[in-house]
Amino acid sequence: IYALNLLEKKSPTLLIDLGTNGEMALAANDKLFVTSVAAGPAFEGGNISIGSAAVEGAISHVKIKYGFSRVETIAGRSVCGICGSGLFDAIAGLYRDGIIDRHGTLCDRYLSDGFPIYSRDSSFRLFLTQDDIRSFQTAKAAVAAGADALLRTAGVKKEDVAEVFLAGSFGAYLDLASAASVGLLPPEWTGRTISVGNTSLLGAKKLLAHPEAEEQLMRIISRAISVSLADDPFFKEDYIRQMDLPEQR
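Presented here is an overview of the structure given in this document. (Residues numbered from 1 in each chain as written. Predicted model: local features only at pLDDT ≥ 70, side-chain atom pairs only at ≥ 80, totals over all residues. Heavy atoms only, no water.)

## A look at the layout of surface pockets
Stated formally: Using a grid of 1 Å spacing that covers the protein atoms alone, one calls a set of points a cavity when a 1.4 Å probe fits there but cannot get out, and a pocket when the set is open and has protein on both sides within 12 Å along at least five of seven lines; lining residues are those with an atom within 4 Å of a point. Grid points are joined across faces, edges and corners, and a volume is the space filled by probe spheres set on the points. Helix and strand assignments come from DSSP, with helices taken as H or I runs of at least 4 residues and strands as E runs of at least 2, each series counted from the N terminus. Throughout this entry, Asp, Glu, Lys and Arg are counted as charged residues, while Ala, Val, Leu, Ile, Met, Phe, Trp, Tyr, Cys and Pro are counted as nonpolar. The remaining residues, Gly among them, count as polar.
The computed volume of the largest pocket comes to approximately 350 Å³. Every residue lining the largest pocket is counted, 21 residues in all, and those nearest its centre are Lys158, Gly183, Arg241, Gln242 and Pro246. Contributing elements (two or more residues each) for the lining of the largest pocket: α3 (130-154) and α7 (235-242). For the lining of the largest pocket, the element with the highest residue contribution is α3, accounting for four residues. Residue composition of the lining of the largest pocket, by class: 10 nonpolar, two polar and nine charged.

## Quick look at the sheet that holds strand β2 (residues 21-28)
Heads up, the condition is: If DSSP finds at least two bridges between two strands, the strands pair. Each axis is a line fitted through C-alpha atoms, and for a helix only the stretch in contact is used; angles between axes span 0 to 180 degrees, taken between their N-to-C directions.
Spatial strand order, β10-β9-β1-β2-β3-β11: six strands in an open sheet with mixed pairing. Pairing within the sheet leaves two strands with one partner each, and these edge strands are β10 (193-197) and β11 (224-226). Along the sheet, successive strands turn relative to each other by an average axial angle of 20 degrees, direction set aside. Of the strand pairs in this sheet, strand β3 (residues 31-38) and β11 are connected by three bridges, and their pairing is parallel. Within β11, the residue paired with Leu32 across the bridge is Ala224.

## Here's the deal with the pattern of salt bridges
Two side chains that carry opposite charge are able to pair once their charged atoms sit near each other. Operational definition: Here a salt bridge means any side-chain nitrogen of Lys or Arg lying within 4 Å of a carboxyl oxygen belonging to Asp or Glu. For every residue, the accessible area obtained with a 1.4 Å probe (protein chains only) is divided by the maximum for its type, and the residue is called buried under 20%, exposed over 50%, and partly exposed between those limits.
As enumerated under the stated definition, the model contains nine salt bridges in all. Glu247 is the salt-bridge partner of Arg102, the closest N and O atoms lying 3.8 Å from each other. One end of the pair, Arg102, is in the loop between α1 (84-96) and α2 (108-111); the other, Glu247, is in the segment after α7, with 145 residues separating them in the sequence. A residue is classified by how much of its surface remains accessible, and Arg102, at 34% relative accessible area, is partly exposed. A residue is classified by how much of its surface remains accessible, and Glu247, at 61% relative accessible area, is exposed. Notably, a salt bridge pairs Asp232 with Arg152, separated by 2.9 Å at the nearest N-O pair. With Asp232 in the loop between β11 and α7 and Arg152 in helix α3, the pair connects residues that are 80 residues apart, well separated along the chain.

## Describing the side chain of Asp232
The condition that has to hold: Throughout, a residue-residue contact means that at least one pair of heavy atoms, one from each residue, lies within 4.5 Å.
For Asp232, a relative accessible area of 13% translates into the label buried. In this view, Asp232 contacts Ala149 and Arg152; residues no more than four positions away in its chain are not counted.

Dropping the structure here:
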C-alpha cells in the first residue's frame, strides 16, 4: 500500500497480492478496505504435482493449440517445473482448446493421467493433472470472491475501479489476458491491470530510503478497515460460483 501510494489515488484502486494468502486492499471514497483470503500455495507452485517457485527453469508461459503445448522458461533454462504464471497460461489454454470445460474437468482422453504440458524425452514428462486444476480453481475462486466482497463493502461497482495492481513473486511473468480468461479478473479490468511484482520488497526498500515516512505508514494503519469474510453473507456462495471458469467470448 505504501509502495504504490494507494491512499493518494483519486479513483477507486485495488491491490491484490497473490501468494499463499491472497491479500488485497481497496482504496475508495477516502477509505481503505482490506482483507485476506486463504488461497493456498497453488499460485507459488505448491500443491501442484509439477509445481515450482518462480526460479530459473520454471515454466513461466504456455501456449496450447490443437492439443499441443509450447513452453517458455524463466531465463531460458532447462524445465524444472511450472510456476504460477505458467499455470495461469496452461489453464487458460486448456479451456480455449476445449480440453477442460467450464467446471475445470479434463476431457476423457486426459482425465486419468493428466495433460502433457512438456516432454523432454520418454524419461522426463510433465503432466498437469485433474487435482492440479482443482487446486488452481480453489485459489482463483478465493481471490475473486474476496475482491468482490471488498467492492460490496465499499459500495464500488466493478466498472468504477480505475486501476488494479497485481502483486506477487510471479507478477512480472503473469499474462493478464490469461488471468482474465480464467476468471481471476473481470474482463473490464484487463486494460486497467498492472503487474507490479514483489511490492512488499519494494515497500521495504522505499522505507529504508525514506525513514521519515513512518508517519505515512501509521496513517495507512489508522485508515485501514478490516473486512471479515466470515461475516459476509454472500462470500461462501460467491466462492462456489467463482470455482467455475467464465463463459468464453
